[in-house]
Each structure stands twice: as structure tokens, then as C-alpha cells.
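Structural overview
Listed here are the chains, written in short residue letters.
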Amino acid sequence: MLYYYPYASFDFLLGEDGLYFIEANAVSAGLYYTEMLARHVLMRRPNLKENLLGLTIMEDFIRLCSNYYSWLKGRRMRILGISVPDSWKSYLGIERVELKRTAEKMGFKAVFVRKKSSAIIGSTLVSFEEGSGVIPDLVVRRTFKFPVGIKQPVINPSEAGIVTGSKWRTYKAVKEVTKIIPELKQPETHLAKNFDELEEASLSIMNKGKEVVIKPSSEFGGRGVTVIRNPTDLKMLKNSINFTRPWIIQEKIRTYPIRFEDGKIYPFDIRAYALNGKMAGVQVRRSSSEGIIVTNISAGGHLAPLLLDGDEIGPVHIGRTEFRFPSRVIVVDGTGIMLDRHTSNLLREASMLISNEIERAVREKVSAKKIEGVHEKSSSHHYGDIVDQLQ
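Keep in mind it's a predicted model, so treat the numbers as computed, not measured. Residue positions within a chain follow its written sequence, with the count starting from 1. Thresholds applied to this predicted model are a pLDDT of at least 70 for local features of residues and 80 or more for the giving and counting of side-chain atom pairs; totals over whole chains, interfaces and linings are not thresholded and use all residues. Computation of side-chain values covers all heavy atoms of the structure but excludes hydrogens and water.

**Digging into the nonpolar core**
Of all hydrophobic cores here, the largest spans 44 residues; its most connected members are F10, F12, L184, L306, L347 and I354. Contacts are assigned to residue pairs that have any heavy atoms within 4.5 Å of one another. Among residues more than four places away in sequence, those in contact with L184 are F12, L19, Y20, F21, V174, V177, T178, L346, A350 and I354. Within this scheme, the nonpolar core is defined by two criteria: the residues are buried Ala, Val, Leu, Ile, Met, Phe, Trp, Tyr or Cys, and they are joined through side-chain atoms within 4.5 Å. Each residue's exposure class comes from its accessible area (1.4 Å probe, protein chains only) as a fraction of the maximum for that residue type: buried when under 20%, exposed when over 50%, partly exposed otherwise. Listed in part, the 34 residues of the second largest apolar core include I62, I82, L138 and F323.

**Some thoughts on the pattern of salt bridges**
Salt bridge, as used here: a side-chain nitrogen of Lys or Arg that lies within 4 Å of a carboxyl oxygen of Asp or Glu. Applying the stated criterion across every chain, the model contains 28 salt bridges. Between R63 and E59 there is a salt bridge, and its shortest N-O distance comes to 3.8 Å. Of this pair, R63 and E59 both sit in helix 2 (residues 57-73), four residues apart, which is roughly one turn of the helix. For R229, the salt bridge goes to E211, with nearest N and O atoms at 3.7 Å. With a gap of 18 residues between them, R229 in the loop between strand 11 (226-228) and helix 7 (231-236) and E211 in the loop between helix 6 (195-206) and strand 10 (212-216) connect regions that are remote in the sequence. Residue classification places R229 among the partly exposed residues on the basis of a relative accessible area of 43%. What makes E211 partly exposed here is its relative accessible area of 29%. Where helices and strands are cited, they refer to DSSP runs of H or I of at least four residues and of E of at least two residues respectively, numbered from the N terminus.

**Quick word on helix 1 (residues 31-44)**
Take the residue count of a helix, subtract one, and multiply by 1.5 Å to get its expected span. Taking 1.5 Å of rise per residue, 14 residues should cover 20 Å, and helix 1 covers 20 Å from first to last C-alpha, within 8% of that figure. Every buried residue of helix 1 is accounted for by L31, Y32, Y33, T34, E35, L37, A38, H40 and V41.

**Some points on the packing of helix 1 against helix 2**
Here helix 1 crosses helix 2 at 140°, and the two axes come no closer than 8 Å. Residues L31, Y32 and E35 of helix 1 form the contact with helix 2, whose own contacting residues are I57, M58 and F61. Classes in brief: Ala, Val, Leu, Ile, Met, Phe, Trp, Tyr, Cys and Pro nonpolar; Asp, Glu, Lys and Arg charged; the others, Gly included, polar. Partitioned by chemical class, the residues of the contact of helix 1 with helix 2 number five nonpolar, no polar and one charged. In this analysis, axes come from line fits to C-alpha atoms, helices being fitted only over the stretch in contact, and the angle between any two N-to-C directions falls in the range 0 to 180 degrees.

**Some points on the packing of aromatic side chains**
Pairs were defined over the aromatic rings of Phe, Tyr and Trp, the Trp ring being its six-membered one, requiring ring centres within 6.5 Å. Orientation was assigned from the angle between planes: stacked under 30 degrees, edge-to-face over 60, tilted for the rest. Tallied over the full model, the rule gives 14 aromatic pairs. Judged by centre distance (6.1 Å) and plane angle (65°), the rings of Y5 and F10 are edge-to-face. Neither residue differs from the other here; Y5 and F10 are each classed as buried. One aromatic cluster is present, built from ring pairs that chain together Y3, Y4, Y68 and W71. Between the NZ or CZ atom of K100 and the centre of the ring of F112, over which it lies, the distance is 5.8 Å. In this structure, R286 is placed above the aromatic ring of Y266, and the distance from its NZ or CZ to the ring centre is 3.8 Å. Counting as a charge over the ring demands two things of the Lys NZ or Arg CZ atom: a distance within 6 Å of the ring centre and an angle within 35 degrees of the ring normal.

**Quick notes on the sheet that holds strand 16 (residues 306-310)**
Strands are labelled as partners when DSSP assigns at least two bridges between them. Strand order in the open sheet made by the three strands is 16-20-17, with mixed pairing throughout. Because the sheet does not close on itself, it has two edges, and the strands there are strand 16 and strand 17 (314-317). Sheet twist, expressed as the average angle between the axes of neighbouring strands with direction ignored, equals 40°. Examined bridge by bridge, strand 17 and strand 20 (residues 335-340) share four bridges and lie antiparallel to one another. Residue pairing in the sheet places H317 in a bridge with T335 of strand 20.

**With respect to a nonpolar patch on the surface**
Distance thresholds for patches are 9 Å for like charges and 5 Å for nonpolar side chains (Val, Leu, Ile, Met, Phe, Trp, Tyr), applied to residues having over 30% relative accessible area and no salt bridge. Only the protein chains shown count as covering a residue, and every accessible area follows the Shrake-Rupley method with a 1.4 Å probe. On the surface, a cluster of nonpolar side chains totalling about 260 Å² of accessible area is made up of M1, W71 and L72. Looking at the element boundaries, L72 is found in helix 2.

**Let's talk about the packing of helix 5 (residues 167-180) against helix 8 (residues 341-367)**
Contact geometry for helix 5 and helix 8: axes closest at 9 Å, N-to-C directions at 130°. Here helix 5 is positioned oblique relative to helix 8, judged by the angle of their axes. Helix-helix and strand crossings are classified by hand; for helix 5 and helix 8 the assignment is right-handed. Residues R169, T170, A173, V174, E176, V177 and I180 of helix 5 touch helix 8, and the partners they reach there are L353, I354, E357, I358, A361 and K365. In terms of residue class, the contact of helix 5 with helix 8 is built from eight nonpolar, one polar and four charged. By definition in this entry, angles of less than 35 degrees are roughly parallel, angles greater than 145 are roughly antiparallel, angles of 65 to 115 are roughly perpendicular, and the rest are oblique. By convention the crossing between two helices is left-handed if the near helix lies anticlockwise of the far one by an angle smaller than a right angle, and right-handed if it lies clockwise.

**Brief notes about the environment of I79**
The residue I79 is located in strand 3 (residues 79-83) in this model. By relative accessible area, I79 is classed as buried at 10%. Considered as a pair, I79 and A103 are 24 residues apart in the sequence and their alpha carbons are 9.1 Å apart. Not counting residues within four places of it along the chain, the set of residues in contact with I79 comprises K109, V111, V134, I135, P136, D137 and L138.

**What about unusual backbone geometry?**
Look at the link from I155 to N156: it is a cis peptide, with omega at -5°. Mapped onto the elements, N156 comes out in the loop between strand 8 (154-155) and helix 4 (161-164). Here the phi dihedral of N276 falls at roughly 50°; this positive angle occurs in a residue that is not glycine. Within the fold, N276 resides in the loop between strand 13 (268-275) and strand 14 (278-286). The phi dihedral of D309 is positive, around 65°, even though this residue is not glycine. Relative to the helices and strands, D309 is located in strand 16.

Have a look at this one:
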């Protein structure tokens, strides 16, 4: 059982020349939408059931929580806590509600845990969300800054952010995986702590005839992502970039040309979820426009089904739909993507090995003497501060 990184999500790009790893996440939403996607495909195209992954990912996740608790404590989990922000009536809140409902359906008591209606007594987290105090056996961390400093097991522990909270540290960890499976690629990547370093790395990539993507090392949700197409673009950025945090400079990967339902070719990425290292669900996120590379749903991206173990890579007609929530409508493209067996197996193997490598990297950092002075900070989720001290 993985201790620091039992619940993982990874972003990959399917390039014209193969599969690229892009990013890992420590607190990732999307399980519920992955299951909804799989069920949508099953309803429209039942003949594709064998190509689906994620039909039971919500139950699989609760089962992971139960097994994790039993592994640590030697007894059955009874009460599951799910952390929520003080104000959470958004489309992401639906997933938290469904996690609670799924846990209860499986025979567990489940409670929401929010900062304003809970207390840490000693080092035990007590939720008063339902009036009287409830002590969860295990807490699913669905918020960045809460809970911290508790004795109950947490999925994922905040220490996972020592690696996944930094794109650069994640890149270096996954570099070890590409030595084992050379078919898994990473974009040419540099770290810049000032504009001179950013300019040097960007020009080096552009001199090879490629465009450049820059992004903050410790941000998420597609925030701060910028494409540099030429030296003029680079000069225009000089006075607008804040270097209080390092920046990542990468070559822009040309995505595999898939024509979606409207006949257009959009940038897209693949989100893969792994539970204790085993890939358990997948989805495609495509951009809302041909000229935009950010695919995050929070930034207006669309979802599409990803199917596995086909004879070749290509589009598959499923049928358009929409997932409607109180504050968001998520568009599901009518065309999904089928991966061939070879790429599907590569995705499975990469998910397993990256999960294990990030686990190893976190364990190494936690136990190393050089982080003894910042280990307590890792529990408060100031990932950028930790990473700055470790790089």
C-alpha cells in the first residue's frame, strides 16, 4: 500500500510521436465526472463496455479508503470524513456529496468536515457538521489548507505536496520513470528563477523550431499558462512575470490530430486516476477553442470519453451530452478517443510506476535531514515555500 500517494491523478499528452507525461496532482477532483462519462458511453454504446475504465471508480475510491485504514490500524473503518471548504456550493461540491452518498451506500457512516464546524482536540479532528461531535476514522482531503496536524489517517497526506506541489520536483521524479520505460516521454523542461533564465531556456527551445509553454511551478488549474511563439512574444512578457515563485519552461507538444464532433482539431490531454498505483479511471479534457491549450474544466474546457485497448488510435462517435450543475454546465463532446492496446498498456504502466516513484521521492524528502526544518510546514500546505527551500 502506498502511504503518501495512494490516490493519484496524472495529466498526459498524446503527441504525434507518442505519450508525454505532463503533471501530477495531490488533491484532484474528477472521480464523479469520470464515472458519469463511462456510464454515458455505456448507455449510448453498450458494445464498448470492454473498452471502458471508471464505471465503478467512486466505489473503488471508498474501498481504497477502507483498505488504507485497515492497513494502518488493523481494524475496519467505520466513519469517513470528507473535507469541504467553508463555502462550497459549486459544481465541485456535487462530487463531495456523491462521495458521501457512495460511502453510505457501502455501509460506512460519512460526514463532511469543514473548518468552521470542526475542532482539533489534542490532535483528534472532531466534526460538528451534524450537531453533535463525530470523530472520523479517516479523512479524505478535498481541500488544500484543511485539515492539518491531526492524528487520523488522511488521503492524501499533505506531505505528497512536497513533490506534486512543484511541477519541477514532479518532473525530476518522473524522469526516473522514463529511464525504465523510454517510450514514455516528457517535454523538454527547464526551471527559471529570473527572466534571464526564462529567456535563455525559451530561446533554446525556439531555436529548435518549437513553440514554448511557460507556467508557474506551483500553480494549478491552468493558471498562468502562456504560449510563447517567437522572440517578440518573449520580450513582451519581461515586465509582466512575477518571479516570487519559479517558472517552468517547456516545449509545446503537438497533440495527436483528432477531429472532434464539430470536425475541428482541438488541443486535448488525458487525465488518468490511479488508486494505490493501479489505473482506475480515465477521461479526455479538450480545450474550448482551437487556439487555446488550457484544457482544465475550471477554465472552460470540455470533457470527452477515453476508451482503451482498441486496434488503433482514432475518434469514436458517442453522442454529445451535458453535465448540468447549479453553477456550471460541463459539455461532453460527442466524439471520444480510442487508444490502441499498446498505448493503453503504456498508460497503465506509467500510472503505476509514477505513483510508486512519487511515493519514493516523498519518503526520501520526508526522511532526509535537510528538510527537518520545513517538515512541519508541509502540513500547512504552503507547498511553494517548501519547494523553494528544497530546490
